[in-house]
Number of protein chains: 2
Amino acid sequence: MRGTIVRMATAGKRRLVVLGTGWGGYAFLKSLSRSTLSQLDVKVVSPTTSFSFTPLLAQASCGTLDFRSALEPIHSTRGIAFHHAWCDALDLCKQRIEVTPASKPEFRPADPLTPTSPTRAQERATTYSIGYDYLVVAVGSYNATYGTEGVKENALFLKDVSDARAIRWRILSAFEGTNAAYPQPLSKEDEEQVRARLGFVVVGGGPTGAEFAAELHDLIRQDLTKIYPHLARLASIKLLDAGKSILSSFDKGLAEYAMQKFARDGIEVVLNARINSVTDQGVWVQNPHGGAELMRAGMVVWSTGITAAPIVKALRGVAKEDRSHKWLTDAKLNLLVHQPARDKGEIRGNIHQPAPDKQEGDVVPMTNVWAIGDCSSQATPLPATAQVANQKGSYLAAVFNASPTHPSAQEPFKFKDKGSMASIGSNEALIDSPVGKDKGALAWLLWRSAYTIMAMSWRNRFLVPANWASNLLFGRDVGRF
Amino acid sequence: MRGTIVRMATAGKRRLVVLGTGWGGYAFLKSLSRSTLSQLDVKVVSPTTSFSFTPLLAQASCGTLDFRSALEPIHSTRGIAFHHAWCDALDLCKQRIEVTPASKPEFRPADPLTPTSPTRAQERATTYSIGYDYLVVAVGSYNATYGTEGVKENALFLKDVSDARAIRWRILSAFEGTNAAYPQPLSKEDEEQVRARLGFVVVGGGPTGAEFAAELHDLIRQDLTKIYPHLARLASIKLLDAGKSILSSFDKGLAEYAMQKFARDGIEVVLNARINSVTDQGVWVQNPHGGAELMRAGMVVWSTGITAAPIVKALRGVAKEDRSHKWLTDAKLNLLVHQPARDKGEIRGNIHQPAPDKQEGDVVPMTNVWAIGDCSSQATPLPATAQVANQKGSYLAAVFNASPTHPSAQEPFKFKDKGSMASIGSNEALIDSPVGKDKGALAWLLWRSAYTIMAMSWRNRFLVPANWASNLLFGRDVGRF
C-alpha cells in the first residue's frame, strides 16, 4: 500500500477524496487553507450540489425563508473538483472508490424532485473509479423508519432543501386544493373532509420535528388564516413521539415549557405513540387495547432519527458500532479496521452486497482514511448532531493544514459542547447550553442572531435577515413554485 | 336564456365566472371594486394558482430574480372563490362549464414539475359543473410548435414561473453535471463533448427569446465564468429566427442595434432558420442544399409564437379568426356567435371533440360572455401582448364596476399603445414607444423602473429591487432548488 502511495505521489500531487457535502464534509472543505488546496489534488463526491443549512430548513419549508437562504452551492472553485455522483463501492485496500453520476445533464424537461434512484439505475453504465491517497468519509445518514410500513411512500422527510421544497409545495397545495374543491359555505360532511385534508402529522418530537410543527403553526395562524379563514380554523397539527417527552435532549424544564406552549397553541402532542403504518390516508397509531386507529392526515412529516447509509452498512472489514452500524474511528478520527481483513486486503464494500454482521480480530487505525459526522462514532459516542460533524470537519482540516502532504493529528479530537437551540414558534425559542438555559423571546432573538452569524456565506448573512424583514412587512411567502 | 338568468338571479347573487388568471384575467379581477365583488358571486377557474409576471420570467430563469418576485399567488380573498381546475367543456347556451381539478392535494411526495396531464386524466372522475350568469374568458394561448417534431418532448418553453424554474434547473445542472463528468484538464475530445452539453439554442427571436438569450449570456459571462472558467469559455448561445430579423416588432434601427450588440457579445443570431426537428441531441436545421444539419445543444428554449388553447379550438357556433382560430369579439369585447347556432342552442365545445372548421350564418354578440387576451381577437386585430390583455381586463372591470348586476359597456374598447421594451443584456435595453425610441443604459434604467412600478403587489415592488441590489453585491443566485 505504501508503495502505491509513493507511486501516485511521484506521478503528481497526492489525491485527497472527500465523500459528502453535509455538515462534516462542508466544514472540512471550507476550512482547508489555500496552501493546503494548492498542494493536493482534491476531489469531492456528493449526490447533492449544495450544502443544506439544516437548522433553517423548517423555516424554509414554511415560507419564512427563501430556499436559497438555507443552501450553499458547492462549486469547483478553490481548486476543488466536484463530482456530482453517488459513491457505490469502496475498496480501502486498493484505495479506489466507484461512483455513479447523480446528475443527468442531458435532456430532462421536468421535475427536479423526482427521486434520484431511477436515474441512478439508468446511469449505472457510466460508473467510474476514482483513486485516492487520502480519503475523508462524511456521507452522513439516512432517515430511520424502523421498518414502519408506508413511510417512504407516503411521508416526507426534512433533511435537505429539496425536502423543504416538497413540504412547502404540499402545505400550500393542501390549502389551495381544499379551497378549490370545497366552496363555501362548508357542509358538515365537507368539514369532515377538510379536517382530514388539512390534518398535519409530524412524527418525531426532536428539535427538527418540534421546530417544524411550531413553524407550521405560525404559517397557518399568521398567514394562511388571512387567506383562507374558513379553512385554517379546521387545520390541525399533531406531534407524535415514541418517548415520554418531546425535545428530550433538552433540559427537562425547557422541554416542559415547550409542551405547555404547544398545548396553548393547539398543537396536539401525542407521547408514547406507537405507529403501525403510514398510508395515503394518514397514520395508523396503536391504541392501548392492541388495535390501531387511523389518524387522518393530508401530510405526514417523518423525523424520528437516523440510520446508516447503504455504503456504510455495506463496508466489510471495518470496526462498527453494534446497533447503529456506524463506523468506529479512533480519537484522531482515523477509521478502525480489523487486522486480519486488512492483511488479506478485504476492507471493501459495495451497496449491492451487504456486509456480514460480525468480523473478528484486533482493530488498527487506517492512517489515510478518516470518517466524520453521522456515518462514524467513537469509543465514547457523541450525539449525532450538526455541531459534532462541524467540529470534526474543522479539526480534520486543521490536521491537513498543518501538514498537507503527511496529515497526521498530534492531538485527539475534543468536542466542545456549545449547547443546543430550538425555536418553538411565536417568536420564542429554547436555549440549553453549558453557560446557561433560557427560553422565550430573548432566547429567540439569540437564536436568530446565532443562525445569522453561522450562515455560511456573506450572501446568506445578508439574505436571512432580509427574508425576516420582508416577512415583518408582507408576511410569509405563500407562492408555490 | 333570459329566463334562466332571471331564475338564477332570484335564487341569490348573479354568478360571474372568470376563466384564466393570466394578464387578462388577473387585471380584470384586480380591478373589480369591492362593491362589485360584494354584489356578485365570483368564481375563478384556473389550472395555475398564481399569476406569472411574464416580463420578468427571463430574469427568473437565469437567477437574476427570485421565482417569487415574478409571481403573484391567486387567493380566495376579496370574496372570490378560486377553483384550481381546468375548463374542459363549455356550453354557452345552457350557461355551464365543466371543470376538472388541476391539483391533487392528497399525497404526492415529489415533483411539482411533472406535467399536469397524467394527473388530469386520473382525476377526470371528479369533473364537476359550474353554472354562470356572466362569463369572462381569458384562457390565453399555448406555445406554437408549428407541428415541429420533438419540440414538446425536448424543448423548454418560457410562459410561466414553473417553466422558468425548469430552465434554471437545466442551465445550472448542465454546468454542474459537465463539471463533474469532465475533470480538468480537458482533452480535445472532452472539449467537443463539453461544447455540445453547454450549447444553448433559443428558437424564436421575439422579445421573450431575445431577452432570455441576453440574460443567459450575462449569467454565463458574469457569474458562471467565475465558478467554471474552463467550461464557460466553451459555452455558446444561438438565437434562431425564421424571419429576416430578430425583434421584428420593434423599430428597425433598434432591432439592428440589438443584433450588433448580440454579435459583439458572441450570441450567434441565425436568421431565416428552418427547423426540421428537435431531439435530445439538439436542433436539426435545414441547410440551403435541402439537407439538414444538427446544431448540438444541451438545452433548447422554444418561444416562436402562440396557438389557440384546446378549449378555444373546440368551441363551435362562435365566430373565429380564420388562421389563428381565436374567438372574435365585438368592440365591447362580447363574444360573437353565429345566429343559427345560437337559435339551435349549439354554442358549445369540449376539448375532446374538436369543432368543425367552418360555421355559417350572421354573427351576433352574446351579451353575457366576454373574451379577452390571447384567446380572442377583433375585426381590427391587436398584437397578442400582455399590454393588450391587461388593458382589456381593466376595461371590462370598469364595465362591471359601473353596473355590477347589469354589465353593459357604453363605449367600445380602445387600445392605448404604450410601446414596448426589451432588455438586451449588459444593462442595456430597447424602448420603442409612441413618444420616443431609445436604446442603451438609460433605456435599461427606464425598463427596470417601469417593471418595478408595474409589479403587481407591494411585496414585489419591494422584492424586485431587493433582488437586483443583492445581485450587485453577491452576483446572481446559482443555487439549484
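Residues numbered from 1 in each chain as written. Chains lettered and ligands numbered in written order. Predicted model: local features only at pLDDT ≥ 70, side-chain atom pairs only at ≥ 80, totals over all residues. Heavy atoms only, no water.

Named according to an unreviewed UniProt entry, chain A is NADH-dehydrogenase originating from Pseudozyma antarctica. Check the Sequence similarities (unreviewed entry) section of the UniProt entry for chain A; it says "Belongs to the NADH dehydrogenase family." (UniProt positions renumbered as here; feature names shortened; annotations may be inferred.)

## Details of the overall build of chain A
Helix and strand counts for chain A come out as 16 helices and 25 strands. Taking 23 Å as the expected radius of gyration for a compact globule of 481 residues, we find that chain A reaches 24 Å, a close match to that expectation. Over its C-alpha atoms, taken along the principal directions, chain A stretches across nearly 80 × 50 × 45 Å. Taken over 481 residues, chain A has a buried fraction of 57%. A separation of at least 24 residues holds for 72% of the contacts in chain A among residues at least 6 apart in sequence. If you sum the accessible surface of chain A, you get close to 19,800 Å²; carbon and sulfur atoms cover 54% of it. (Helix = DSSP H or I, 4+ residues; strand = E, 2+ residues; numbered from the N terminus. Rg over C-alpha atoms; globule rule 2.2 N^0.38 Å. Buried < 20%, exposed > 50% of the residue type's maximum accessible area, 1.4 Å probe, protein only. Contact = heavy atoms within 4.5 Å. Areas by Shrake-Rupley, 256 points an atom, 1.4 Å probe, with all protein chains shown as cover.)

## Side note on the packing of aromatic side chains
Counted by the stated rule, this structure contains 24 aromatic pairs over all chains. An angle of 5 degrees between the planes, with centres 4.4 Å apart, marks the rings of Y26 of chain A and F51 of chain A as stacked. Taken as a pair, Y26 of chain A in helix α2 (residues 23–31) and F51 of chain A in strand β3 (residues 50–52) lie far apart in primary sequence, 25 residues in all. Note on accessibility: Y26 of chain A and F51 of chain A belong to one class, buried. We note K439 of chain B situated over the ring of Y257 of chain B; from NZ or CZ to the ring centre the distance is 5.3 Å. (Phe/Tyr/Trp six-rings, centres within 6.5 Å; stacked < 30°, edge-to-face > 60°. Lys NZ or Arg CZ within 6 Å of the ring centre and 35° of its normal.)

## Some remarks on the packing of helix α15 (residues 441–454) of chain A against helix α16 (residues 458–474) of chain A
Residue and element names in this part refer to chain A. The N-to-C vectors of α15 and α16 enclose an angle of 145 degrees; their axes lie 8 Å apart at closest approach. In contact with R448, T452 and I453 of α15, α16 contributes R461, V464, P465 and W468. Each residue belonging to the contact of α15 with α16 can be placed in one class, and the counts come to four nonpolar, one polar and two charged. (Axes fitted to C-alpha atoms, helices over the stretch in contact; angles between N-to-C directions. Nonpolar A, V, L, I, M, F, W, Y, C, P; charged D, E, K, R; others polar.)

## A few points about the pairing of strand β2 (residues 40–46) of chain A
Residue and element names in this part refer to chain A. In terms of residue burial, β2 counts as a mostly covered element, since six of its seven residues are buried. Judged from the six bridges that link them, strand β1 (residues 14–19) and β2 form a sheet pairing that is parallel. Note on β2: the bridge partner recorded for V17 is K43. Summarising the sheet, β2 and strand β5 (residues 80–91) pair through five bridges and their orientation is parallel. Directly across from K43, in β5, lies its bridge partner A81. (Pairing = 2+ DSSP bridges.)

## Brief notes about the domain arrangement of chain A
Residues and elements named next belong to chain A. The domains assigned to chain A are domain 1 (2–142 + 306–402) and domain 2 (151–304). Relative placement of domain 1 and domain 2: their C-alpha centres are 34 Å apart. With 18 residues of domain 1 in contact, the opposing surface of domain 2 contributes 16 residues. Buried surface at the junction of domain 1 and domain 2, both sides included, amounts to about 1,500 Å², of which 69% is carbon and sulfur. Across the domain 1-domain 2 interface, the total number found is zero salt bridges. (Domains from an automatic or database assignment. Buried area = accessible area lost by both parts, 1.4 Å probe. Salt bridge = Lys/Arg side-chain N within 4 Å of Asp/Glu carboxyl O.)

## Concerning the nonpolar core
Core analysis: the largest hydrophobic core is formed by 193 residues, its most contacted members being I171 and F212 of chain A together with I171 and F212 of chain B. Once residues within four sequence positions are removed from consideration, F212 of chain B is found in contact with A58, S61, C62, L158, I167, I171, V202, M299 and V301 of chain B. (Core = buried A, V, L, I, M, F, W, Y, C linked by side-chain atoms within 4.5 Å.)

## A closer look at empty space enclosed by the protein
Here the structure, examined in full by the defined rule, presents four cavities of 30 Å³ or more. Computed from the structure, the largest cavity encloses a volume of approximately 60 Å³. Of the residues contributing to the lining of the largest cavity, the split by class is four nonpolar, no polar and five charged. Looking at the second largest cavity, its volume works out to about 50 Å³. Lining the second largest cavity, in full, are N179, Y182, P183, Q184 and H230 of chain A together with A81, F82 and H83 of chain B. Looking at the lining of the second largest cavity, the element that brings in the most residues is strand β5 (residues 80–91) of chain B, giving three residues. For the lining of the second largest cavity, the residue count by class is four nonpolar, four polar and no charged. (1 Å grid on protein atoms, 1.4 Å probe; cavity = no way out; pocket = protein on both sides within 12 Å on 5 of 7 lines; lining within 4 Å. Points joined across faces, edges and corners; volume = space filled by probe spheres on them.)

## Brief notes about the sheet that holds strand β10 (residues 199–203) of chain B
Residue and element names in this part refer to chain B. Read from one edge to the other, the open sheet built from four strands follows the order β12-β11-β10-β16, with strand pairing classed as parallel. Each of the sheet's edge strands pairs with one partner strand only, and the pair in question is β12 (267–270) and β16 (299–302). Ignoring which end each strand starts from, the neighbouring axes of this sheet average 20 degrees apart. As defined by bridge partners, β10 adjoins strand β11 (residues 236–240) across five bridges and the pair is classed as parallel. Bridged to G199 within β11 is S236. The strands touched by helix α7 (residues 161–181) are β10 and β16; relative to β16, the strand with the most contacts, the crossing angle is about 160 degrees.

## Some details on the environment of V399 of chain A
Mapped onto the fold, V399 of chain A is located in helix α14 (residues 386–402). Contact partners of V399 of chain A, with chain neighbours within four places excluded, come to P407, S408 and A409 of chain A.

## Comments concerning the side chain of N334 of chain B
Position of N334 of chain B among the secondary structure elements: in strand β19 (residues 334–338). The contact partners of N334 of chain B, leaving out residues within four places of it in the chain, are L328, T329, P365, M366, T367, N368, V369 and W370 of chain B.

## A word on the confidence of the model for chain A
Mean pLDDT over chain A works out to 87, with 92% of the residues at or above the 70 mark. Low confidence marks residues 1–10 of chain A, where pLDDT is under 50. Its contacts with residues over four positions away, or in another chain, come to eleven contacts. (pLDDT = per-residue confidence, 0-100.)

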